Amino acid sequence: MLSLPLPNYSRRYSSLLLAAVFALGSDSKAETNWEQTGWGGGGFFYAAAHHPTRDGVIYMGGDVNGAYKTEDSGKHWRIINNGIASYAVYALAVSASEPEVVYAATEAGLSKSVDGGEHWRTLPHTGKKELRITGERKLAIRCIAVDPRDGRVVYAASPSGKIYKSTDGGETWAVSYEKAAAKEADGTLRIQYGKVTGDYFGDFALPVVAPKEASAIQGIGFTMKGEGVVPKDCFLIIKTAAGVAFRSRNLNETFKQMELRDVVLRAEEFTPDADYLKKHPEAVGATFGDKDWAQIARLDFSCSGALPMETYVARFSRFFFSMKDGKEELIRDFKSDATMQTFGSIHVGTPQAGPAHSVTVASTNSSLVVAATDDAGLILSRDAGKTWKRLNTPAKAAHATFDPGNTDVMYGAFFKNGLMKSTDGGKRWTKISKGILNNSEMLEVAVSPSNPNDVYAIGAVDWNGSFYVSHDAGESWERENKLRTDKKTNPTLDGFNGGTASLSAPRNLSINPRNPKQIFIAANWRPCISEDGGQTWTERSAGADISCVTDIRFSKGKTCVTVMDEGTLMSEDNGASWQQLWPTKHTPGLSGHEWRVAINEVNGTTRILSTVTPWYKTPTCVVRSDDEGKTFQPITTGLPDYTIRPNTMWGQGHPRALAVDPTNPQIVYLGIDGDAAAGKSGGGIFKSEDGGTSWSQLAHQPASRRMFYGLIIDPTNPKRLFWGGCGVNGGVHRSDDGGATWQHVFKDDTFIWNLHATADGTIYCGAAQLWRSTDHGQTWTQITHLTEKRSIVGIETHPSDPKTMWISAVTWSTEPEGEIYKTTDGGATWQDITANIPYVKPLVLRFNPDSQELWAGGVGLYKVKQ
């Protein structure tokens, strides 16, 4: 049972979507010029910074589509991602002495541009696994600061709690400040799971060498205590030299024990590891016995759950084998050796310092630097970072700044503790929150460079944002949260009310140094500008495309797209302008993530169907319109009335697959990922025989219900369905009788991201490689040989020339790693046509035969002539 011919197994599941290795036969690059064809707004913009000398130039950063630049004060934006480290940009800084030098703090490290953002380079050793000079969600506010007089001097506030300083423009760094760590008292090794990275798992690994008398082993044990907070799941995973992995029963209850105790596990308490089975389903049913202890080469102690939000702490003193006659053989004593491999959201040793959110250099005195930390409040250096002193402020600080004309005057933002001011260089602080909403999380404060009495601040209560202005140096504040907007530039109607909308969750505030009355705010959904010192605000998002496009369809000169968070939109001018079909306002049970769209002509009318995961009230719905979107009906009849959790791709079941019978538009199939459990019917395939008005779950389902985009109907036989499964029993499943029975017809890869059919019945499946079947799934041929670690998700063929195809090869991280490939000879050779597309890993490719354009949708919407 342990003689499976398996490779070495490495537990690296930082993404729930496992990418596999792939390679290209021919990697020639074609001259291609992609055009943005989306809109702007509708997502989360975190960072903003004005150019110090060029009026009208503003930089902005968002969480999923990188960096943006405008040269007309936000009337038009373009995406500037050439060479950037990650599409998650959470802070920006511009050098006052070298105005074209821009820094972007991204999730993957610090990027620098010397030409105004046109090209970026990731600075050495700034990534998460090295110095962690990164911008991370909800941690970075103003985490990069450039000395205004010497552009070579740069400060970085790290999520690790450290303040770094560089004197060579970011090429090298030295720790300027770090919080002193407390020491463990009892000699145990502290392991913290959670609040380290954004991962939902944490894991440490130790090598294991079985004792000579392996036949005497009766179990494996460890000595630990917890702190009473219990993770969702915790397993001890043991791995053989051949790579086979077994895991224990759930050990989460051990975290309740707050006194050191031994935990010993016997052989019968181990079963094949679930993550191992995803790649090796043939190991289902394998068992582990006492004679197998001798083959153990590694152990992992792994926890999963709400690790981005919670921490689960255990203290270990040792791991050991339990032997016959009550003896023990030591595997590791942590008092003498605490080395280990770690993965995911885990911290070994004394508690980490909280993150540092912001750092600011006084504009008129480069020796003065203030930083805002999560657990030490404001810290101040008067000698350019050589020494630091903690100020008498609340422990949780978001941001601080100096009055440009009098650096003894300082302002600080302290989340729910509001705003404070010091007039004596930080010695004493006074709360200045008159007019600030109670419970508002205050994030940033700024002083006008032309009038020290004009002070600005931003804050939010949940999603409801506020801009505050004081004309008396912080004694009192006026609140503004309305902004003018235009649905022609941002067609999403959520929060739109007769030409106005509300400010939502602002994150950064930037003052134009050449025109201090101009203020820009990076915020959720609608970034905005004021030209009159904050009295009135106007949305400025045109071209700042941050929409997560999930499907694209063309019909009779019209284009329909589905978009996460924004709904279903239509363009009647080939993408020049857009209108939102639904939802037309914030609607519980309808507003949410839209996934797929279908357009069909039915009895002289145009029917549009889309699938939705609403944010709340209803877990799944289908929307139907029979008049091109003028009116519409949300439908839930026959669909699951609860949120599906087991065996899903993204934490819950989503309706990501939709297929309409090409011979009868009344017959529609819908795919929702997720298994049945505890009396609930789960997801899988649902069928409608009335054009989507009502649904019923198929009585018999494919062996895997975990799915991404994989559901199609064979155009040559509408009774023949294909389903792409992921994980255990993943692969391609086929039904020849409309879903009554299923066969597992493709097993060469267990993660199928998408399926595509041509008019002649040729079937393509996108996995780690692209595969083709010309005999309805009986046999398959691999037609790509890509070498990079990718997943093939977008698949499209030319409707009149099926030898011409396009695929997207993507990764699932925030890094800009992915390609778009084209073949004109049925896959014998491929061209890389990624070229200048701002987002290199679209999940949707669709060809418009009327305009002869390939459209790509992912984060943003783009098209190119073909």
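Residues numbered from 1 in each chain as written. Predicted model: local features only at pLDDT ≥ 70, side-chain atom pairs only at ≥ 80, totals over all residues. Heavy atoms only, no water.

To continue, consider the overall build of the chain. When you go through the chain residue by residue, the secondary structure sums to one helix and 72 strands. Relative to its length of 866 residues, the chain is compact, with a C-alpha radius of gyration of 29 Å against a globular reference of 29 Å. Seen along its three principal axes, the alpha-carbon backbone of the chain occupies a region of about 85 × 80 × 50 Å. Counting over 866 residues, the chain shows a buried share of 61%. In the form shown here, the chain has an accessible surface area of approximately 32,600 Å², with 47% of it arising from carbon and sulfur atoms. Averaging the coordinates of the 91 positive side-chain charges in the chain and doing the same for the 96 negative ones gives two points 3 Å apart. (Helix = DSSP H or I, 4+ residues; strand = E, 2+ residues; numbered from the N terminus. Rg over C-alpha atoms; globule rule 2.2 N^0.38 Å. Buried < 20%, exposed > 50% of the residue type's maximum accessible area, 1.4 Å probe, protein only. Areas by Shrake-Rupley, 256 points an atom, 1.4 Å probe, with all protein chains shown as cover. Lys, Arg positive; Asp, Glu negative; His and termini not counted. Charge placed at Lys NZ, Arg CZ, Asp CG, Glu CD.)

This part covers the packing of aromatic side chains. For the structure on display, the rule yields 40 aromatic pairs. Here the aromatic rings of Phe270 and Trp293 are separated by 6.0 Å at their centres, their planes lie at 90°, and the arrangement is edge-to-face. You can see Phe270 sitting in the loop between strand E21 (261–265) and strand E22 (271–272) and its partner Trp293 sitting in the loop between helix H1 (274–279) and strand E23 (296–304), a full 23 residues away along the chain. Across this residue pair, the class does not change: Phe270 and Trp293 are buried. Ring centres of Trp578 and Trp855 lie 6.4 Å apart, and the angle between their planes is 75°; on these two criteria the pair is classed as edge-to-face. Taken together, the residues span a long stretch of sequence, with Trp578 in the loop between strand E48 (567–571) and strand E49 (579–582) and Trp855 in strand E71 (residues 853–858) at a distance of 277 residues. Exposure remark for Trp578: the relative accessible area of 8% places this residue in the buried category. One Lys or Arg, Arg318, reaches over the ring of Phe320 and ends 4.1 Å from the middle of that ring. (Phe/Tyr/Trp six-rings, centres within 6.5 Å; stacked < 30°, edge-to-face > 60°. Lys NZ or Arg CZ within 6 Å of the ring centre and 35° of its normal.)

With that settled, consider the confidence of the model for the chain. Residues at a pLDDT of 70 or more form 96% of the chain, whose mean pLDDT is 93. Ignoring residues within four places in sequence, the model shows residues 1–28, a span with pLDDT below 50, making 102 contacts including any to other chains. (pLDDT = per-residue confidence, 0-100. Contact = heavy atoms within 4.5 Å.)

Structurally, Lys863 is set in strand E72 (residues 860–865). Of the polar contacts made by the side chain of Lys863, one reaches the backbone oxygen of Asn574; its length is 2.7 Å. In contact with Lys863, not counting residues within four places along its chain, are Asn33, Trp34, Glu35, Thr37, Asn574, Glu853, Leu854 and Trp855. (Polar contact = N/O pair within 3.5 Å; in protein donor to acceptor, adjacent residues only side chain to side chain.)

A few words now on the nonpolar core. The nonpolar side chains of a soluble globular protein tend to be buried with one another. Within the largest apolar cluster, 47 residues are counted, with the highest numbers of intra-cluster contacts made by Phe301 and Phe319. Considering every element that reaches this core, the biggest residue donor is strand E24 (residues 312–323), with six residues. Residues within four places of Phe319 in sequence aside, it is in contact with Phe204, Leu206, Gly221, Phe222, Leu236, Leu299, Phe301, Leu330, Ile331, Arg332 and Phe334. Within the second largest apolar cluster, 36 residues are counted, among which are Phe44, Tyr46, Val361 and Val369. (Core = buried A, V, L, I, M, F, W, Y, C linked by side-chain atoms within 4.5 Å.)

Looking now at the environment of Lys434. Within the fold, Lys434 resides in the loop between strand E35 (430–431) and strand E36 (441–447). In this structure, Lys434 is in contact with Glu475, Ser476 and Trp477, ignoring residues within four places of it in sequence.

Next up on the list: unusual backbone geometry. Put simply, Trp582 and Pro583 share a cis peptide bond, and its omega is -5°. Looking at the element boundaries, Pro583 is found in the loop between E49 and strand E50 (592–602). Within the chain, Arg132 stands out as a residue other than glycine whose phi angle is a positive 60°. On the secondary structure map, Arg132 appears in the loop between strand E11 (121–122) and strand E12 (144–146). A residue is classified by how much of its surface remains accessible, and Arg132, at 11% relative accessible area, is buried. Positive phi, close to 65°, is recorded for Asn729, a residue that is not glycine. Note that Asn729 resides in the loop between strand E59 (721–725) and strand E60 (731–735).

Applying the stated criterion to the full structure yields 39 salt bridges. Note that Arg142 is salt-bridged to Glu444, the shortest N-O span being 2.7 Å. One end of the pair, Arg142, is in the loop between E11 and E12; the other, Glu444, is in strand E36, with 302 residues separating them in the sequence. In this pair, the class of Arg142 matches that of Glu444, namely buried. Its salt-bridge partner being Arg553, residue Asp551 comes within 3.9 Å of it at the nearest N-O pair. In this structure Arg553 comes out as partly exposed when scored by relative accessible area, which is 32%. Here the salt bridges do not stand alone but share partners, grouping Asp551, Arg553, Arg596 and Arg846 into one network. (Salt bridge = Lys/Arg side-chain N within 4 Å of Asp/Glu carboxyl O.)

This brings us to the sheet that holds strand E58 (residues 711–713). Pairing is antiparallel across the open sheet formed by four strands, whose spatial order is E58-E59-E60-E61. This sheet does not close on itself; its edge strands, each paired only once, are E58 and strand E61 (743–746). Averaged over all adjacent pairs, the angle separating strand axes in this sheet is 30°, with direction ignored. Here E58 runs beside E59; their pairing, made up of three bridges, is antiparallel. (Pairing = 2+ DSSP bridges. Axes fitted to C-alpha atoms, helices over the stretch in contact; angles between N-to-C directions.)

Tracing the backbone shows Gly766 in strand E63 (residues 763–766). When neighbours within four sequence positions are excluded, Gly766 is seen to be in contact with Phe751, Ile752, Trp753, Asn754, Ile792 and Ile795.

Let us look at the sheet that holds strand E30 (residues 378–381). Taken in spatial order, the four strands line up as E28-E29-E30-E31 in an open sheet, and their pairing is antiparallel. If you trace the sheet from one side to the other, it starts and ends with strand E28 (356–361) and strand E31 (389–390), each paired once. Alignment of E28 against strand E29 (residues 369–373), held across five bridges, turns out to be antiparallel. Across the sheet, residue Ser358 finds its bridge partner in E29, namely Ala372.

This next bit is on the pairing of E60. Of all the five residues making up E60, five are buried; the element is thus mostly covered by neighbouring parts of the structure. In this sheet, E60 lies alongside E59 in antiparallel orientation, the contact comprising five bridges. The residue of E60 that forms the bridge with Gly724 is Val732. Joining the antiparallel neighbours E59 and E60 is a turn of five residues, in which Gly727 adopts a positive phi near 90°. Judged from the three bridges that link them, E60 and E61 form a sheet pairing that is antiparallel. Looking at E61, one finds that Val732 is bridged to Phe746.

Before going further, it helps to spend a moment on the side chain of Thr606. Note on placement: Thr606 falls in strand E51 (residues 605–614). Reaching out from Thr606, the side chain makes a polar contact with the side chain of Glu601 at a distance of 2.8 Å. Discounting chain neighbours no more than four positions away, the residues touching Thr606 are Lys556, Ile599, Asn600, Glu601, Ser625, Asp626, Asp627 and Glu628.

Across the five residues that make up E59, a large majority, five, are buried. Taking every second residue as pointing to the same face, both faces of E59 are buried, with Leu721, Trp723 and Gly725 on one and Phe722 and Gly724 on the other.

Looking now at the state of the cysteines. Under the defined criterion, the tally for this structure stands at zero disulfides. Of all cysteine sulfurs in the structure, the one in Cys765 sits closest to Cys726, which takes part in no disulfide; the separation is 11 Å. Relative accessible area serves as the criterion here: at 0%, Cys726 is assigned to the buried category. (Disulfide = S-S within 2.5 Å.)

Turning next to the environment of Lys865. Its place among the elements puts Lys865 in strand E72. Lys865 sits in the exposed class, given a relative accessible area of 58%. Contacts of Lys865, omitting those with residues within four sequence positions, involve Ser851, Gln852 and Glu853. A polar side-chain atom of Lys865 sits 2.7 Å from the main-chain carbonyl oxygen of Ser851.

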